[in-house]
Amino acid sequence: DSKDFDSEAKSVCPFCGVGCQVSVKVKDGKVKSVEGINGPSNEGRLCVKGRFGFDYIHHPHRLTKPLIRRDDAPEKGLNVDLDNIGLHFREASWDEALDFSARGMVDLRSFYGGESIAGFGSAKCTNEEAYLFQKLIRQGFKHNNVDHCTRLCHASSVAALQENVGSGAVTASFNEIENADVAIVIGANPTENHPVAATFFKQFAKRGGKLIVIDPRRQTGLKRHATHMLQFRPGTDVALLNAIMNVIVEEKLYDRQYIEGFTEGFFEFREHIRAFTPERMSDLCGISPEMIRDVAREFATAQRGMIFWGMGISQHIHGTDNSRCLISLALLCGHVGRPGTGLHPLRGQNNVQGASDAGLIPHVMPDYQSVTDGSVRDLFRHIWLGTEIQEKPGLTVVEIMDRVYRGSIRGMYVLGENPAMSDPDVEHARKALAHLDHLVVQDIFLTETAMFADVILPASALPEKTGTVTNTNRTVQMVQQVLPPPGEAREDWKIVVDLARRIGLDWDYDHPREVFDEMKMSMRSLHHITWTRLKNEGAVTYPCKGPEDPGQSVVFGDGFPRRAGRAQFTPARVTPPAEMPDDKFPMILTTGRQLEHWHTGSMTRRATVLDAVEPEANCSMHPSTLRQLGVAPGEHVRLTTRRGTLEIMARADRAVAPDMVFLPFAYVEAAANILTNPALDPWGKIPEFKYSAVRVEKV
Ligand code: SF4
């Protein structure tokens, strides 16, 4: 009923990478409701977060004025009372806060050089904001030390995809499952983390599609629909996947014609894979040889197969090897480049694809153009009016935090990221943040990271801004401002521009459209995608073949963006986790998300409905494990790893293996990353969030 609201605008859900399109209705200056509309990925559907998670934007904790740390503030730490922040921070005008922010950065640049300052941008901002942020760091401080949460999420998947198929994005949208005969979902729990995508997966199974679910947790959501459920031992992904491929090779089930026409490296790969027989790998991965053979035959003999994966694959020190295996599996079977086939890492944050595309990554410029390539640096020197791009790839998230800890990085600009919650071994990250001489945080709430800031710049939530975002399907979508930011808070792009000018950059942008047009000068992916089209059509997928083309859901049907158009088989060896259970720490800790809360919880824990449904920090263990510990569900346990310890309420969950603990990372009062291992994958530089040795005790 049009009388029920004063205005409405189209936007995109701010939570996961599915990128559901929404209509946001406003009444009396407040969001009254959010409804799913017919976007290309969601077709009108929404999950509980998208539908009921919107009122965080009106939470009393929203930052509405710039803040500067008081001269007499207590020592930096997580000691700020959110309802009484005046002990630590004083309000400031925008001019004072921006001058203070810029002066601190310029002073560090003068005394210690540009490399004394690094930046973390955000996968929750728009593409234009991500682009401006990386440009500010690269142009203003003359290095590439700028990164964002893709490093903690799918960096290893992207490394493997770029290496072997020539592009880090998905080869097919998840909606292509509608055309598939078989689908593997591995190391992902879409029922909780990508719920609308999961509805398409379930529909696929209901119409007779073969759904093969492979995960150390026996997922209750997808399991009901799965034809095969492989609950394998955590950390043995390569062993299991190589065994599946061994069957395909030994039984000659592979697609010879496809391999000859579109790939390279098959013969070396075939020799490598012969050692990984199902019988040899079975004990290691905990799956019977018969089941391994069955899955191999199902996938290889299907006409059209897809592979979906999540952070269960990527967040390991062998995350890149895990993804290499999945790519090889698809190539072996010719399951790439046709409708109903493809490789799809389900992206995490709502705009992690777009922020990565926009260059918020330390070793590549926008569109993944390498900083080591002279012609790329020439292109950006031309577009950025003489700016010299440094040839040296920059540092990644965990590496930056380590340099901060050791003192060579003394200042940071953090936009919309929360490393004080999201980094592995987070006490180390918190100590590092406390060491900083100058920390500028731009956010909508006083996050755990903002508690360490010297200056805080109040920013905008997604419905309060206009711009573009890109979802897991490579679909670029427009978000329209529904209501202004509260109080004196500003749109993020405006803040970045104001700060850039104050550190001496000659920037002149008056609207995100101008930024988008500049992005198009260097990003071939945006060919045929214009601001006007996005405004009129709402969404266009890249690559796009012409002004009328809605974009290509499936890519690489006629070859890959690699040498001679061929994808590559890269053999992967079995690597054990960085630390194994032992007498002192006998169980395995794995971390993740749960349906109601998103990432570090800064938004969803301030959404009334979501917080009411899931208000308390919790971990899950198998009922038999709880019985052995003498713990009843709802009682508290102490979890201890080599990094730290915390106490938390325990739940019984049969989906969790008896030697494992599952721990969501959204709860500051029991922050999972106090426990996690910062060991990194050597290629993707992603930490091993999915495997730590842990001791569990009754409190
Ligand atoms: Fe939002 Fe993801 Fe849920 Fe869609 S599936 S409503 S994008 S959280």
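Residues numbered from 1 in each chain as written. Predicted model: local features only at pLDDT ≥ 70, side-chain atom pairs only at ≥ 80, totals over all residues. Heavy atoms only, no water.

Within an unreviewed UniProt entry, the label attached to the chain reads Formate dehydrogenase subunit alpha, and the organism entered is Thalassococcus profundi. The annotation that UniProt attaches to the chain under Sequence similarities (unreviewed entry) is "In the C-terminal section; belongs to the prokaryotic molybdopterin-containing oxidoreductase family." (UniProt positions renumbered as here; feature names shortened; annotations may be inferred.)

Enquirer: Which parts of the structure should I look at to understand empty space enclosed by the protein?
Expert: One simple way to see leftover space: roll a probe sized like a water molecule over the atoms. According to the stated counting rule, one finds 6 cavities of 30 Å³ or more in the structure shown. Taken as a whole, the second largest cavity spans an internal volume of roughly 130 Å³. If you trace the second largest cavity, you find 16 residues lining it, with Pro14, Val24, Val34, Phe54 and Pro463 closest to the centre. When contributions to the lining of the second largest cavity are tallied by element, the ones reaching two or more residues are β1 (7-12), β2 (21-27), β3 (30-36) and α1 (48-52). For the lining of the second largest cavity, the residue count by class is 12 nonpolar, 3 polar and 1 charged. (1 Å grid on protein atoms, 1.4 Å probe; cavity = no way out; pocket = protein on both sides within 12 Å on 5 of 7 lines; lining within 4 Å. Points joined across faces, edges and corners; volume = space filled by probe spheres on them. Helix = DSSP H or I, 4+ residues; strand = E, 2+ residues; numbered from the N terminus. Nonpolar A, V, L, I, M, F, W, Y, C, P; charged D, E, K, R; others polar.)

Enquirer: Please clarify how the packing of helix α8 (residues 237-250) against helix α12 (residues 289-301) should be interpreted in this entry.
Expert: Packed helix pairs are specified by the crossing angle of their axes together with the interaxial distance, meaning the distance between the axes. Where α8 meets α12, the closest approach of the two axes is 8 Å, and the angle between their N-to-C directions is 65°. With respect to the hand of their crossing, α8 and α12 are arranged in right-handed fashion. Seen from α8, the contacting residues are Leu240, Ala243, Ile244, Val247 and Ile248; seen from α12, they are Ile292, Arg293, Val295, Ala296 and Ala300. When grouped by side-chain class, the residues that make up the contact of α8 with α12 number 9 nonpolar, no polar and 1 charged. (Axes fitted to C-alpha atoms, helices over the stretch in contact; angles between N-to-C directions. Left-handed = near helix turned anticlockwise from the far one by under 90°. Contact = heavy atoms within 4.5 Å.)

Enquirer: I would appreciate a short explanation of the site of the ligand in the present structure.
Expert: Taken together, Cys13, Phe15, Cys16, Gly19, Cys20, Leu46, Cys47, Lys49, Gly50, Pro195 and Val196 make up all the residues around the ligand. Of all elements in the fold, only α1 and α6 (195-206) reach the threshold of two or more residues within the shell around the ligand. (Near = heavy atom within 4 Å.)

Enquirer: Sorry, what's going on with the sheet that holds β2 here?
Expert: Strands pair in a sheet through their backbones, by hydrogen bonds, and they do so in one of two ways: parallel or antiparallel. Strand order across the open sheet formed by 3 strands is β1-β2-β3, with antiparallel pairing between neighbours. The strands lining the two open edges of the sheet, one partner per strand, are β1 and β3. Mean inter-strand twist for the sheet, computed between neighbouring axes without regard to direction, equals 30°. Looking at chain direction, β2 and β3 are connected through 6 bridges and run antiparallel. Among the inter-strand pairings, Val22 is bridged to a residue of β3, identified as Gly36. (Pairing = 2+ DSSP bridges.)

Enquirer: Can you help me understand unusual backbone geometry in this one?
Expert: Generally, phi is negative for residues other than glycine and the peptide bonds are trans, each holding for most cases. The peptide bond linking Tyr542 to Pro543 adopts the cis configuration, its omega dihedral lying at -5°. In this fold, Pro543 is placed in the loop between β21 (539-541) and β22 (567-568). Of note in this structure, Asp367 is not a glycine but carries a positive phi near 65°. Take Asp367: it is sitting in the loop between β14 (364-365) and β15 (369-370). According to the relative accessible area criterion, Asp367 is buried, its value standing at 17%. A positive phi angle, close to 70°, is found at His528, a residue other than glycine. As for its position among the elements, His528 is in the loop between α21 (512-522) and α22 (531-537). Residue classification places His528 among the partly exposed positions, given a relative accessible area of 27%. (Buried < 20%, exposed > 50% of the residue type's maximum accessible area, 1.4 Å probe, protein only.)

Enquirer: For this particular structure, what's the right way to read the layout of surface pockets?
Expert: Of the voids in this model, the largest pocket is the one considered here, and its volume is about 900 Å³. When grouped by side-chain class, the residues that make up the lining of the largest pocket number 10 nonpolar, 12 polar and 6 charged. Computed from the structure, the second largest pocket encloses a volume of approximately 330 Å³. Along the walls of the second largest pocket sit 20 residues, with Glu192, Arg217, Thr220, Gln594 and Asp653 positioned nearest its centre. Secondary structure elements with two or more residues in the lining of the second largest pocket: α5 (190-193), α7 (220-223), β24 (618-621), β26 (645-652) and β27 (660-664).

Enquirer: What should I look at first to understand the packing of aromatic side chains in this one?
Expert: Centre distance and the angle of the planes are the two values used to describe a pair of aromatic rings. All told, the structure shown has 15 aromatic pairs when counted by the stated rule. A centroid spacing of 5.2 Å and a plane angle of 45° characterise the contact between Phe556 and Phe560, whose relative ring orientation is tilted. Phe560 matches Phe556 in its accessibility class, with the two residues each being buried. By way of ring pairs, the aromatic residues Tyr254, Phe266, Phe267, Phe269 and Phe569 are connected into one cluster. Sitting over the ring of Tyr112, Arg410 keeps its end group 4.1 Å from the ring centre. Cation over ring: Arg606 sits above Phe445, and NZ or CZ is 4.2 Å from the ring centre. (Phe/Tyr/Trp six-rings, centres within 6.5 Å; stacked < 30°, edge-to-face > 60°. Lys NZ or Arg CZ within 6 Å of the ring centre and 35° of its normal.)

Enquirer: I tried to follow the side chain of Arg430 on my own but got confused; where do I start?
Expert: Here Arg430 is to be found in helix α19 (residues 426-435). Each residue touching Arg430, except ones within four places of it in the same chain, is listed here: Leu78, Ala420, Met421, Phe452, Ala671 and Ile674.

Enquirer: What is the right way to read the packing of helix α17 (residues 397-406) against α19 from this model?
Expert: Two numbers describe how α17 lies on α19: the axes approach to 8 Å, and their chain directions differ by 55°. In this view, α17 runs oblique relative to α19, as classed from their interaxial angle. As α17 packs across α19, the resulting crossing turns out to be left-handed. Where α17 abuts α19, its residues Met401, Asp402, Val404 and Tyr405 lie against His428, Ala429, Lys431, Ala432, Leu433 and His435. Here the contact of α17 with α19 is composed, by residue class, of 6 nonpolar, 2 polar and 2 charged. (Parallel < 35°, antiparallel > 145°, perpendicular 65-115°, else oblique.)

Enquirer: Whenever I open this one, the environment of Arg651 confuses me. Can you help?
Expert: Along the chain, Arg651 turns up in strand β26. Looking at Arg651, the relative accessible area reads 30%, which means it is partly exposed. Along the backbone, Arg651 and Pro543 are 108 residues apart, and their C-alpha atoms lie at a distance of 45 Å. Residues in contact with Arg651, not counting those within four places in the same chain, are Gln594, Glu614, Asn618, Cys619, Ser620, Met621 and Leu626. Side chain to side chain, Arg651 and Glu614 meet in a polar contact 2.6 Å long. A distance of 3.5 Å separates polar atoms of two side chains, one belonging to Arg651 and the other to Asn618. (Polar contact = N/O pair within 3.5 Å; in protein donor to acceptor, adjacent residues only side chain to side chain.)

Enquirer: Looking at this structure, how should I read the sheet that holds strand β18 (residues 455-458)?
Expert: The strand order across the open sheet built from 7 strands is β5-β4-β18-β17-β16-β6-β7, with neighbouring strands paired in mixed fashion. Since the sheet does not close on itself, it has two edges, and those belong to β5 (89-91) and β7 (146-147), each with one partner. Two strands pair when backbone bridges link them, and strand β17 (residues 438-443) and β18 are joined in this way by 4 bridges, in the parallel orientation. Residue pairing in the sheet places Val441 in a bridge with Ile456 of β18. Helix-sheet contacts for helix α3 (residues 127-141) involve β6 (117-120), β7 and β16 (411-415), and the interaxial angle to β6 is about 170°.

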